[in-house]
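Below, each chain spelled out in residue letters.
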Amino acid sequence: MEPHPEISFDNTELAFGYKNDKQLKKARFLFSLMSKPWLVKMAVKMTPPVIKSGLPVKGLIRKTIFGQFVGGETLEQTAAVAKKLGEHNVQVILDYGVEGKQGEENFDHARDEFIRVINYAATQPNIPFMSVKVTGFARFGLLEKLGEVMKQQEGSLMKKYLNTLEQISSADREEWHRVRERMTRVCEAAVEKNIGVLIDAEDSWIQDPVDALILLMMDIFNKKRPVIYNTTQHYRTDRLQFLKDCYAAAVERNFLFGIKLVRGAYMEKERKRAEKMNYPSPIHTNKKATDKDFNAAVEFCIEHLDRISVIVASHNEYSNLYTTQLLQQKGLLLNHPHVHFSQLYGMSDNITFNLAHAGCSVSKYLPFGPIRDVIPYLMRRAQENTSVKGQTGREMMLIRKEIKRRKL
Ligand SMILES: Cc1cc2nc3c(=O)[nH]c(=O)nc-3n(C[C@H](O)[C@H](O)[C@H](O)COP(=O)(O)OP(=O)(O)OC[C@H]3O[C@@H](n4cnc5c(N)ncnc54)[C@H](O)[C@@H]3O)c2cc1C
């Protein structure tokens, strides 16, 4: 394929081609609601207790915010959305969106569910990846403890990890062993079915043991193909260096380094915790610095595509365009097998569908799960669409432009 000369994210006919008139108007209504900070604030506060109380609000949620951002309540229900996206050359990253469940039984259930997702994805034409949260099958308190002990160690990440395992109690070690076993089962299934596993990045203070675990998995499972992917949040000041360190480890140990690049979703929480606990914030002081590191990370990955497989996971138009420009400058294919783009379902369709039209490998990150279990995800989306400066405005402007074009 020849490099595409012009990529623009302004074509709304392409962007919303998969939405009928009714769906488009509904999206306009939703984004107009989310542009009201007081309403979002109230919804974020009230929704979880209202759901818990059993009041009949699920129908309302299903018809509004759930339908906009979630693929369905069951795995099978995502099929209709995936099919629709596939018609426009857009792929899918399936995300079993259940969050916050605790207990060994629930963790084993999540492992089985992840494997079920992998098996299902393997039967579908356009689902090359699925995503996993380690907190889905590991106790948060255990990850926190491991993270804390690791921080006190010296040397490389793996050295800190191994030292930590020697220092914790045998009960904690056994619990961690079960986490590793769950992760291994998921990775084995992924390799067998050739489905990429993307591991989400969460709070910085639990990330060290997660990173160590993922590197161990890559060392085993990414020898021939990139199957396991970590995530780096570039709002963190230390992640660009971490990315480079992982690359060096991949070269040394001869595995392929899979990485999903994001800016990071928990900025306010991170800053608050750092302030409360009196340690330097791990987050860049301003957006410009985050953007700089994110784009530098893209550059680094594109420079090393022989060893790195990268997923640019962003709604930032510049970062997406910049990635395509770097590929073009290097004379590489826009659908290079080690370069993928992704946006969340329900957001930035103008980027996704225009990238797909230009020939890029691009997907929607599509969560599914029972309404009550995906509430944390939905609340994050509502907050993001209020707090990210300009995001809602941009979505609204594009939706309005398309409504006008369709003369609705
Ligand atoms: C496919 C996909 C997968 C994702 N997976 C994860 C994940 O695993 N973990 C995760 O944490 N997030 C994840 N995210 C969310 C992501 O981290 C961002 O929150 C979201 O995409 C917004 O960033 P952006 O690059 O799209 O664009 P932009 O709108 O350009 O950037 C907004 C982001 O910039 C940063 N920022 C904003 N203001 C400041 C400031 N004052 N100082 C410093 N930084 C600032 C924040 O990270 C903010 O979210 C994912 C997103 C996508 C699309």
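Here the residue numbers are simple positions, counted from 1 along each chain's written sequence. Totals for whole chains, interfaces and linings use all residues, but because this is a predicted model, local features are given only for residues with pLDDT of at least 70 and pairs of side-chain atoms are given and counted only at 80 or more.

**Q** In this structure, what is going on with the sheet that holds strand S7 (residues 339-344)? I would like to understand it.
**A** What holds strands together in a sheet is hydrogen bonding between their backbones, with the strands either parallel or antiparallel. Reading around the barrel, the 8 strands line up as S1-S2-S3-S4-S5-S6-S7-S8 and close back on themselves, with parallel pairing between neighbours. Sheet twist, expressed as the mean angle between neighbouring strand axes with direction ignored, is 30°. Two strands qualify as a pair provided that DSSP identifies no fewer than 2 bridges between them. The numbering of helices and of strands both runs from the N terminus, where a helix is a DSSP run of H or I of at least 4 residues and a strand a run of E of at least 2. Pairing of strand S5 (residues 257-262) with strand S6 (residues 308-313) involves 5 bridges; the strand directions are parallel. Its bridge partner lying in S6, Lys260 is registered against Ile311. Across the sheet, helix H6 (residues 104-121) touches strand S1 (91-96) and strand S2 (129-132), and the angle it forms with S1 is around 160°. Orientation is described by lines fitted to C-alpha atoms, with helices fitted over the stretch in contact, and by angles between N-to-C directions that extend from 0 to 180 degrees. Each residue is represented by a C-beta atom placed from its backbone, and any two residues with such atoms within 7 Å are regarded as in contact.

**Q** I keep staring at helix H11 (residues 239-253) and nothing clicks. Help me out?
**A** In an α-helix, one full turn covers 3.6 residues, which means residues spaced three or four apart are oriented alike. Look at H11: 20 Å from first C-alpha to last across 15 residues, which is about the 21 Å you get at 1.5 Å a residue. With C-beta atoms placed from the backbone, a residue counts as buried when 20 or more other C-beta atoms lie within 10 Å of its own, as exposed when 12 or fewer do, and as partly exposed for counts between those limits. Those residues of H11 not exposed but buried are Arg239, Leu243, Cys246 and Ala250. Along the axis of H11, the buried positions cluster into a sector of 60°, meaning they face one direction only. In H11, the exposed residues that point more than 90 degrees away from the buried face are Gln241 and Glu252. One less than the residue count of a helix, multiplied by 1.5 Å, gives the span that helix is expected to have. The directions considered for the arc run from the helix axis to the C-beta atoms.

**Q** Explain the packing of helix H9 (residues 170-193) against helix H10 (residues 207-221) here, please?
**A** When two helices pack together, their arrangement is given by the angle between the helix axes and the distance between those axes. Running from amino to carboxyl end, H9 crosses H10 at an angle of 35°, the nearest separation of the two axes being 11 Å. The hand of the H9/H10 crossing is right-handed. Within the contact between the two elements, H9 uses Arg180, Met183, Cys187 and Val191 and H10 uses Leu213, Met217 and Phe221. Just so you know the grouping, Ala, Val, Leu, Ile, Met, Phe, Trp, Tyr, Cys and Pro go in nonpolar, Asp, Glu, Lys and Arg go in charged, and all remaining residues, Gly too, go in polar. For the contact of H9 with H10, the residue count by class is 6 nonpolar, no polar and 1 charged. Should the near helix be turned anticlockwise from the far one by less than a right angle, the crossing is termed left-handed; should it be turned clockwise, right-handed.

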